[in-house]
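Here's the letter readout for the chains.
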Amino acid sequence: MVIAMIIGGIFAYVFKNPQILMTLGLVVMFVLYMFCGVFISIDQMPQLFRNISSYLPIKYAMNDFFDIWNMERLLDKDFLLISAVYLVISTIVLGICIIRENKRFIYSGGKNNEK
């Protein structure tokens, strides 16, 4: 959840228009659903799609959390590892965007140059 919010913050920083953000959000959501097995089983996907889905944390949340909910295991190590990597990378990217925006604001004399 936190990762999705950080990635959403990056999208909001890049795309200032809310209409573009809403459309982009729907496209990203549809693609994520496609790769995590909502429309067809992951076993039925081509190998390339299975490889891509293995790098998406939502795939583990949607498919492998059934074992956690059924108390068959306590945690999913793949989900935690991939989520941690996404969290670190997206936090660094968002931090860079914020620092660049602050520098631009400071160098402009404290004036906001957005229209």
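What counts, and at which threshold
Residues numbered from 1 in each chain as written. Predicted model: local features only at pLDDT ≥ 70, side-chain atom pairs only at ≥ 80, totals over all residues. Heavy atoms only, no water. Helix = DSSP H or I, 4+ residues; strand = E, 2+ residues; numbered from the N terminus. Buried < 20%, exposed > 50% of the residue type's maximum accessible area, 1.4 Å probe, protein only. Contact = heavy atoms within 4.5 Å. Areas by Shrake-Rupley, 256 points an atom, 1.4 Å probe, with all protein chains shown as cover. Phe/Tyr/Trp six-rings, centres within 6.5 Å; stacked < 30°, edge-to-face > 60°. Patch = residues over 30% accessible without salt bridge, like charges linked within 9 Å, V, L, I, M, F, W, Y side chains within 5 Å. Salt bridge = Lys/Arg side-chain N within 4 Å of Asp/Glu carboxyl O.

### Brief notes about the overall build of the protein chain
Scanning the protein chain from N- to C-terminus turns up six helices and zero strands. Shown N-terminal to C-terminal, the secondary structure of the protein chain runs as helices and strands in the order α-α-α-α-α-α. Residues classed as buried in the protein chain amount to 17% of the 115 residues present. Contacts spanning at least 24 positions in sequence make up 44% of the contacts within the protein chain whose residues lie at least 6 apart. Put simply, the protein chain shows about 8700 Å² of open surface, and 70% of that area lies on carbon and sulfur atoms.

### Regarding the environment of Ile 6
Structurally, Ile 6 can be placed in helix H1 (residues 2–14). Classification of Ile 6 by relative accessible area gives buried; the value is 12%.

### Focus on the packing of aromatic side chains
Counting across every chain of the model gives two aromatic pairs. Aromatic pair Phe 30 and Phe 39: ring centres 5.4 Å apart, planes at 40°, arrangement tilted. For Phe 39, a relative accessible area of 48% puts it in the partly exposed group. Consider the rings of Phe 35 and Phe 49, whose centres lie 5.0 Å apart with planes at 80°: the pair is edge-to-face. Of this pair, Phe 35 sits in helix H2 (residues 18–35) while Phe 49 sits in helix H3 (residues 47–53), and the two are 14 residues apart along the sequence. A relative accessible area of 11% means that Phe 35 is categorised as buried. Under the relative-accessibility criterion, Phe 49 is labelled partly exposed at 29%.

### Digging into a nonpolar patch on the surface
On the surface, Leu 26, Val 27, Met 29, Phe 30, Val 31, Tyr 33, Val 38, Phe 39, Ile 40 and Met 62 cluster together into a nonpolar patch covering about 860 Å² of accessible area. Considering each element in turn, the nonpolar patch owes the most residues, six residues, to H2. On the basis of relative accessibility, which here comes to 40%, the residue Ile 40 falls in the partly exposed class.

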